[in-house]
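This is what each chain is made of:
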Amino acid sequence: GGGGEGGGGDGGGVGGGGGGESGLLFDAGEGTLAMLRRRFGAAADEVVRALALVWISHLHADHHLGLVRLLELRSARPGAAPLLVVGPHALGVWLREAAARLHSPVEFRFVHCGAAGADAAVCAAIRRLGCSWLASTRVDHCADSWGVALQHSEGWGLVYSGDTRPCERLPALGR
């Protein structure tokens, strides 16, 4: 699974805490909220509410099952902005179906991984996080699996893939 203290695709991230949108989460396995609560304690709910974007790399359960709980928590606050979710096409379908069956409404805006670098909302979110660009590429795992690269304005960069076999496209993305 993806990175993270909890293993099993619990996720990893950039930023967190503070006012306004201040974080980006990569993958959200079933234990993601519990991992955030272990890491941030009582501030975990605010960390979730401050997320600018959640990137889901592929549709395996250990990378996305915690997303609904994050959406429920964030949407429970009156006036909360919809969470920007970037993922494979089938995730958008799954989220809309899951949202229709929940007891409380959840708000999100879905963008496909392949369109993220050109999407105005995604570009605005990463700029608010101090990043100058985001690019994505398909990776060799299951259907519609994606890797992502971010470049921060302070000069550091990050390349992430939830799971992949070796493929030249991913390291090339970070060059």
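What comes next is a walk through the structure. None of the values given here were measured: they were computed from a predicted structure.

Summarising burial for strand β7 (residues 146-152): 6 of the 7 residues are buried, a large majority. Relative to β7, strand β6 (residues 131-138) runs antiparallel, the two sharing 7 bridges. Pairing of leucine 134 across the sheet is with leucine 150, part of β7. Alignment of β7 against strand β8 (residues 157-161), held across 5 bridges, turns out to be antiparallel. Its bridge partner lying in β8, alanine 149 is registered against valine 159.

Per the stated rule, a full pass over the model turns up 1 aromatic pair. The interplanar angle of 35° and the centroid separation of 4.9 Å between the aromatic rings of phenylalanine 26 and tyrosine 160 together place this pair among those described as tilted. Separated by 134 residues along the polypeptide, phenylalanine 26 in strand β2 (residues 23-26) and tyrosine 160 in strand β8 bring together distant segments of the chain. In terms of burial, phenylalanine 26 and tyrosine 160 fall into one category: buried. Note that arginine 39 overlies the ring of phenylalanine 40, its terminal NZ or CZ placed 4.6 Å from the centroid.

All right, on to empty space enclosed by the protein then. Inspection of every chain in the model, using the stated rule, returns 1 cavity of 30 Å³ or more. In this structure, the largest cavity spans a volume of roughly 30 Å³. Around the largest cavity, the lining residues are Val68, Leu71, Leu95, Ala98, Ala99, Leu102 and Val106. Elements that contribute at least two residues to the lining of the largest cavity include exactly α4 (67-75) and α5 (89-101).

So, how was this worked out
Residues numbered from 1 in each chain as written. Predicted model: local features only at pLDDT ≥ 70, side-chain atom pairs only at ≥ 80, totals over all residues. Heavy atoms only, no water. Buried < 20%, exposed > 50% of the residue type's maximum accessible area, 1.4 Å probe, protein only. Helix = DSSP H or I, 4+ residues; strand = E, 2+ residues; numbered from the N terminus. Pairing = 2+ DSSP bridges. Phe/Tyr/Trp six-rings, centres within 6.5 Å; stacked < 30°, edge-to-face > 60°. Lys NZ or Arg CZ within 6 Å of the ring centre and 35° of its normal. 1 Å grid on protein atoms, 1.4 Å probe; cavity = no way out; pocket = protein on both sides within 12 Å on 5 of 7 lines; lining within 4 Å. Points joined across faces, edges and corners; volume = space filled by probe spheres on them.

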